[in-house]
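What follows is each chain in one-letter form.
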Amino acid sequence: MATSAPDSSPHRPPERSPGILGREEELHRLSLLLGNARNGRGGSLLLIGEPGIGKTTLLRRGGSGPGFRVLAADGFEAESALPYAGLQRLCRPLEGAFDGVPERHRRALEIALGLADGPAPDRYLVGLGLLGLFAGAATASPLVCRVDDAHLMDPETLDALAFVARRLLVEPVALLFAGRDEAGLVERLSGVPELTLSGLEPEAALELLAATAVGPVDPAAAAQIAHATGGNPLALIDLATAFSPAMLAELGVSSEPVPIGRRLESHYASTVRAAGAEVATWVLLAAADATGDVDLLAAAAAVHGLGAEALDGAEASGLIEVRGVVRFRHPLVRSAVYNAAGGPARRRAHAALAVAAEELGLVEREAWHAARATVGTDAGVADRLEQVADLAGRRGGVLSRATTLARAADLTPDGPVRDARRVGAAEAALGAGAAHLAARLLDHLDGHAETGTAGVDPVLRGRTLQVRAALSLFNADPVALSSAPATLVAAADLFRGRAPDLEQRALLRAFDTLAVTERAARGVTPSGVGRRLAEGADAADGPLAEVLRGLAALIELPYADAVGPARVAFGALLALPDEQYLEMGVPLAALGAFLWDEAGRSAALGRAAALARDAGALQALDALLWIMSLAELSGGTVTRAVAFTEAVREVRRTIGYGAENVINAAVMAWTGSPRDVVLAIGEGAAAIGFGGVGSAAVAAVAARDLADGGYRDAFDRLRPLIEDPFLQVTPLQLPDYVEAAARCGHLAEARAAAARLAALASANQSSWCRGVAERAAALVADGAEAEKHFLASEEALASTEAEVDLGRTLLVHGEWLRRARRRAEAGRRLQEAIRILERSGADTFLPRARAELEACGLRPDPRAGGPGHDLTPREQSVAEQAAAGRTNAEIAANLYLSPNTVDYHLRKVFQKLGVTSRRQLADRLAAGG
């Protein structure tokens, strides 16, 4: 059907906001969010939908009422690789509020925003700074932060905003995002509630069409158009304003498709062409840059010989408006303009923008546009992009550095330089947690970096192997993970004699992955790793050399000979600079366990965790807390192990990961989970290469067997682990092995293991080791000799942090005393055992202890028991820190909260515990709740 040309003259929009029609449910969600913010309860919302669906209209209702302070920023493709570009625009109105942010957080935020120089901040520390800034800015009036086209926002800005969104609780702050479900938007804003927008209902669509058209529309045609557009508000508005009522009537009954989607884009492109070549060129420049920078666009237009009249014509077309910046009437218009231009025209536009950006000193923008203007490779542009990537890294934009360096690699001619840039980009991607991007970059290597091709830098090959080994942990690839220690040793070999610092660090990572894989490691033996550690220690002097020597001794030397070097290595770790110390969780835990120094291990890991919190290094903190939770099960308390596991969950919620995926099999065994479930988890982990998880699960279930009196089961589980020993782990399992063997009739095995423990205690002089060695000796002795060892065990363990071990010594001593018919003495021991086991969270041993006490004719002391409150894990953490004398601001920094949220939790703690001061709180917690 032939129709006349659509009427492209602009019409005055209706007085109502037609895009809101039929949005009752969405408006309710929005009103609820804003009402909560007004009442001091923060929140967030992500509006998802296709172009024209009404996201922007609904978004701009957020905070449009009186009493709100509104911040707004749009995502731009041209800035999507510039770290914190969106945050710079968003925070510009708040520069006067920076003074209220804690100094460390403020400094991180200022560096990220380019307001100060300094070491690149961790992205989560930037998020803390932003949380403090928003909370401070909202003290006078509720704050609404609106982000449109969030799918085009740079990832660092989205990460910081998502961090804030997940921490809002009692701050009068609302975060509103709108965007398309692409570019990983939903995943990056994990934890932010989503609201998917669809087309209008038929009645609302008809009402919108009637309200927007210049005259009455035939009802049947209107219904057909509403159906054909799927209720898309933008399509309805544009059809009503671009077509006369008569044309709409013809369109409604035509067999030709209604111009929506790509056809609507075609309509916009026709409008641009009709405006003339100069206007089309100017509008294309605006579409190619998308930041709306008037000065930049004017300079780029001048490169094309265009003057102000071209801008006037573009504005007169109704497609753009100029209000400080250039904006398209809708993102779909920009998309139509850009996509309708051919590749050569787009590249000319980007080339002009690159020239203009260089004239204006916009280094990052120049490189970005120059890259878009390039076909094939261009070494000069690639060099400039690499400089931009380095700038991004210095501001903490690790992911932006990765993506920019990857683009620089694409523009680099084939050869080692291209591979070096791709490897560098993969390293940066790993640092940002983007394992999928790192893997893709390695898959696109030209081959030089992974083969022994003549002339290829061995250091680059070693770096490639390091990335591959790290990826195996992210991807849980059984073959790659089991081979990771061997892969890292191979990387160290490539660094040998060329990069001693990299060699030593690769060897430390080899030890880390060996601790993860344990008996599942393939391609290298522990002894092979030990020998290589010793060689690496000689590569360069310094603290890391001492650490490597100590770890080599742990693996290679007889125990008595290894204690000295291990102790020196532990001290060398403690002396490392903070930024290195953060990465040493595995060596700290391994050496602490090897030396049976539970207090030193706990303090060292606690210091590392505190440093990670201070630096906002949440990924490092996640790993450290996991290590601490496992360490507490040997030489600590189950209570602290559970608390550290819960802290891991909290960190992962903060990062945006699913906390339900935090499954610590060993802790599960100690807290009553079914044996078959725990063992299945352990077996599954071991099957994909996490051998340490598997052996820890088996050992924990064996402890559970001992608690239940299943001595034969415990012996059968532990025997394979004892007969195939693994470094510092197996000696920690000897005390349980002795108890299981002694109680099920394997006295020879029990005595041999007890003798080994005694030798260890003699060499390390550890009170913890001596305590469990004396208990083992008591279990294989008779009469007065046994009692002497029991008493020695109690005395040794009383001065340690190994509370569960002390409780278990009192338990088995009490059992021995009852069998010796010394019931009164047995009762005292058992009462104390129950008190300590309850306090330390070792509930699995309580039925055995209580049954033994009842056999003495006694009942548990009613004063014994766990805490008499129902504090949540978060409240417990806040209470403990407040009781320790920390201020709300200090607690907020440690727990990644705002001071307002800390105050909220503290008030709930006071109410639950019936206290009115921090001193009373400290007394109540010290008394056990």
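Keep in mind it's a predicted model, so treat the numbers as computed, not measured.

Calculation criteria
Residues numbered from 1 in each chain as written. Predicted model: local features only at pLDDT ≥ 70, side-chain atom pairs only at ≥ 80, totals over all residues. Heavy atoms only, no water. Helix = DSSP H or I, 4+ residues; strand = E, 2+ residues; numbered from the N terminus. Buried < 20%, exposed > 50% of the residue type's maximum accessible area, 1.4 Å probe, protein only. Contact = heavy atoms within 4.5 Å. Areas by Shrake-Rupley, 256 points an atom, 1.4 Å probe, with all protein chains shown as cover. Lys, Arg positive; Asp, Glu negative; His and termini not counted. Charge placed at Lys NZ, Arg CZ, Asp CG, Glu CD. Polar contact = N/O pair within 3.5 Å; in protein donor to acceptor, adjacent residues only side chain to side chain. Arc of directions from axis to C-beta. Core = buried A, V, L, I, M, F, W, Y, C linked by side-chain atoms within 4.5 Å. Salt bridge = Lys/Arg side-chain N within 4 Å of Asp/Glu carboxyl O. Pairing = 2+ DSSP bridges. Axes fitted to C-alpha atoms, helices over the stretch in contact; angles between N-to-C directions. Right-handed = clockwise from strand over helix to strand, strands pointing away. Expected span 1.5 Å × (residues − 1). Patch = residues over 30% accessible without salt bridge, like charges linked within 9 Å, V, L, I, M, F, W, Y side chains within 5 Å. pLDDT = per-residue confidence, 0-100. Phe/Tyr/Trp six-rings, centres within 6.5 Å; stacked < 30°, edge-to-face > 60°. Lys NZ or Arg CZ within 6 Å of the ring centre and 35° of its normal. Parallel < 35°, antiparallel > 145°, perpendicular 65-115°, else oblique. Left-handed = near helix turned anticlockwise from the far one by under 90°. Nonpolar A, V, L, I, M, F, W, Y, C, P; charged D, E, K, R; others polar.

## Digging into the overall build of the protein
Along the protein, the regular secondary structure elements total 49 helices and seven strands. Over its C-alpha atoms, taken along the principal directions, the protein stretches across nearly 110 × 70 × 55 Å. In the protein, which comprises 929 residues, the share counted as buried stands at 55%. For the protein, contacts bridging at least 24 residues in sequence account for 69% of all contacts bridging at least 6. Accessible area of the protein: about 37,000 Å², with a carbon and sulfur share of 52%. Here the protein contributes 95 positively and 114 negatively charged side chains, and the mean placements of these two sets differ by 4 Å.

## Things to note about the side chain of Arg-123
The residue Arg-123 is located in helix H5 (residues 123-137) in this model. At 3.2 Å, the side chain of Arg-123 forms a polar contact with the side chain of Tyr-124.

## Re helix H15 (residues 308-316)
Those residues of H15 not exposed but buried are Ala-310, Leu-311 and Ala-314. Angular distribution of buried residues about the axis of H15 spans 100°; they occupy a single face of the element. Opposite the packed face of H15, turned more than 90 degrees from it, sit the exposed residues Ala-308 and Ala-316. If you follow the buried residues of H15, they end up packed against helix H13 (277-289) and strand E6 (320-323). Just downstream of H15, Gly-318 is the residue with a positive phi angle, here 85°.

## Some remarks on the nonpolar core
Nonpolar side chains tend toward joint burial in soluble globular proteins. Residues Leu-87 and Phe-134 are the most contacted members of the largest nonpolar core, which totals 185 residues. Counting residues per element, this core draws most heavily on H5, at nine residues. Leave out the neighbours within four places in its chain, and Leu-87 touches Leu-109, Leu-113, Val-126, Leu-130, Thr-157, Ala-160 and Leu-161. Membership of the second largest hydrophobic core comes to 34 residues, among which are Val-272, Val-283, Leu-285 and Tyr-338.

## Topic: the pattern of salt bridges
For the structure on display, the rule yields 61 salt bridges. A salt bridge links Asp-805 to Arg-775, with the shortest nitrogen-to-oxygen separation between them at 3.4 Å. In this pair, Asp-805 is assigned in helix H43 (residues 803-819) and Arg-775 in helix H41 (residues 767-779), connecting sequence segments 30 residues apart.

## A short note on the sheet that holds strand E5 (residues 194-196)
The strand order across the open sheet built from five strands is E2-E3-E4-E1-E5, with neighbouring strands paired in parallel fashion. Each edge of the sheet is formed by a strand with only one pairing partner; in this case those strands are strand E2 (69-74) and E5. Ignoring strand direction, the axes of neighbouring strands in this sheet form an average angle of 15°. Relative to strand E4 (residues 173-179), strand E1 (residues 43-48) runs parallel, the two sharing six bridges. Note on E4: the bridge partner recorded for Leu-45 is Leu-176. Along the sheet, helix H1 (residues 24-38) contacts E1, strand E3 (143-148), E4 and E5; its crossing angle with E4, the most-contacted strand, is approximately 150°.

## Let's talk about the environment of Leu-445
Within the fold, Leu-445 resides in the loop between helix H22 (435-443) and helix H23 (458-475). Accessibility expressed as a relative area gives 11% for Leu-445, which makes it buried. Distance in space between the C-alpha atoms of Leu-445 and Gly-415 is 9.7 Å, their sequence separation being 30 residues.

## Some words on the pairing of E4
The element E4 is largely enclosed, with a buried count of seven among its seven residues. On E4, burial covers both faces: Val-173, Leu-175, Phe-177 and Gly-179 on one face and Ala-174, Leu-176 and Ala-178 on the other are all buried. Judged from the five bridges that link them, E3 and E4 form a sheet pairing that is parallel. Bridge pairing links Val-144 to Ala-174 in E4. In this fold, E3 hands off to helix H6 (residues 155-167), which returns the chain to E4; that crossover is right-handed.

## Details of helix H21 (residues 416-431)
Between its first and last C-alpha atoms H21 spans 22 Å; for 16 residues at 1.5 Å apiece the expected length is 22 Å, and the two agree. All of the buried residues along H21 are Arg-418, Asp-419, Arg-421, Arg-422, Val-423, Gly-424, Ala-425, Ala-426, Ala-428, Ala-429 and Leu-430. Taken together, the buried residues of H21 touch helix H19 (379-394), helix H20 (398-410), H22 and H23. Downstream of H21 by one or two residues, Gly-433 has phi in the positive range, about 80°.

## With respect to a negative patch on the surface
There is a patch of like negative charges on the surface, built from Glu-50, Asp-181, Glu-182, Glu-187 and Glu-194. In this structure, Asp-181 sits in the loop between E4 and helix H7 (185-188). Taking relative accessible area as the criterion, Asp-181 reaches 52% and is therefore assigned exposed.

## Remarks on the environment of Arg-496
With respect to the secondary-structure elements, Arg-496 resides in the loop between helix H25 (484-495) and helix H26 (500-517). Overall, Arg-496 belongs to the partly exposed group, its relative accessible area being 35%. For Arg-496 and Glu-825, which are 329 residues apart along the polypeptide, the C-alpha to C-alpha distance reads 63 Å. A polar side-chain atom of Arg-496 sits 2.9 Å from a polar atom in the side chain of Glu-503.

## Considerations on the confidence of the model for the protein
Of the residues in the protein, 91% have a pLDDT of 70 or more, and the chain-wide mean is 88. Below a pLDDT of 50 lies the segment residues 1-19, which in the model reaches 29 contacts outside its immediate sequence neighbourhood of four places, other chains included.

## Some details on the packing of aromatic side chains
In total, this model carries six aromatic pairs according to the counting rule given. Between Tyr-559 and Phe-594, the aromatic rings sit 4.7 Å apart at their centres with planes inclined by 50°, giving tilted as the arrangement. Separated by 35 residues along the polypeptide, Tyr-559 in helix H29 (residues 559-574) and Phe-594 in helix H31 (residues 585-594) bring together distant segments of the chain. Taking relative accessible area as the criterion, Phe-594 reaches 7% and is therefore assigned buried. Between Phe-715 and Tyr-737, the aromatic rings sit 5.4 Å apart at their centres with planes inclined by 15°, giving stacked as the arrangement. Here Tyr-737 lies in helix H39 (residues 729-743) and Phe-715 lies in helix H38 (residues 711-723), a separation of 22 residues in the sequence. Judged by relative accessible area, which is 5%, Tyr-737 ranks as buried. The positively charged end of Arg-346 is found above the aromatic ring belonging to Tyr-338, 5.2 Å away from the centroid.

## Observations concerning the environment of Val-586
Assignment of secondary structure puts Val-586 in helix H31. A sequence separation of 77 residues divides Val-586 from Arg-509, and the C-alpha atoms of the two residues are 9.2 Å apart. Aside from chain neighbours lying at most four places away, what touches Val-586 is Phe-511, Asp-512, Ala-515 and Ile-627.

## Structural notes on the packing of helix H32 (residues 598-615) against helix H33 (residues 618-632)
Where H32 meets H33, the axes come as close as 9 Å, and the angle between the chain directions of the two elements is 160°. Compared by their axis directions, H32 and H33 come out roughly antiparallel. Judged by the sense of rotation from one axis to the other, the crossing of H32 with H33 is left-handed. Facing Arg-601, Ser-602, Leu-605, Gly-606, Ala-608, Ala-609, Ala-612 and Arg-613 of H32, the residues of H33 in contact are Ala-620, Leu-621, Leu-624, Leu-625, Ile-627, Met-628, Ala-631 and Glu-632. Tallied by class, the residues present in the contact of H32 with H33 amount to eleven nonpolar, two polar and three charged.

## What to know about unusual backbone geometry
Despite not being glycine, Asp-149 shows a phi value in the positive range, around 50°. Note on placement: Asp-149 falls in the loop between E3 and H6. Look at Trp-596: it is not a glycine, yet its phi comes out positive at around 55°. Here Trp-596 lies in the loop between H31 and H32. With a relative accessible area of 3%, Trp-596 lands in the buried category.

## Overview of the packing of helix H36 (residues 675-687) against helix H37 (residues 691-707)
In contact at an axis separation of 6 Å, H36 and H37 are set at 160° when each is read in the N-to-C sense. Comparing their axes, H37 and H36 come out roughly antiparallel. Of the two elements, H36 crosses H37, and the hand of that crossing is left-handed. Here Arg-675, Val-678, Leu-679, Gly-682, Ala-685 and Ala-686 of H36 come into contact with H37, specifically with Gly-691, Val-693, Gly-694, Ala-697, Val-698, Val-701, Arg-704 and Asp-705. Grouping the amino acids of the contact of H36 with H37 by side-chain chemistry returns eight nonpolar, three polar and three charged.

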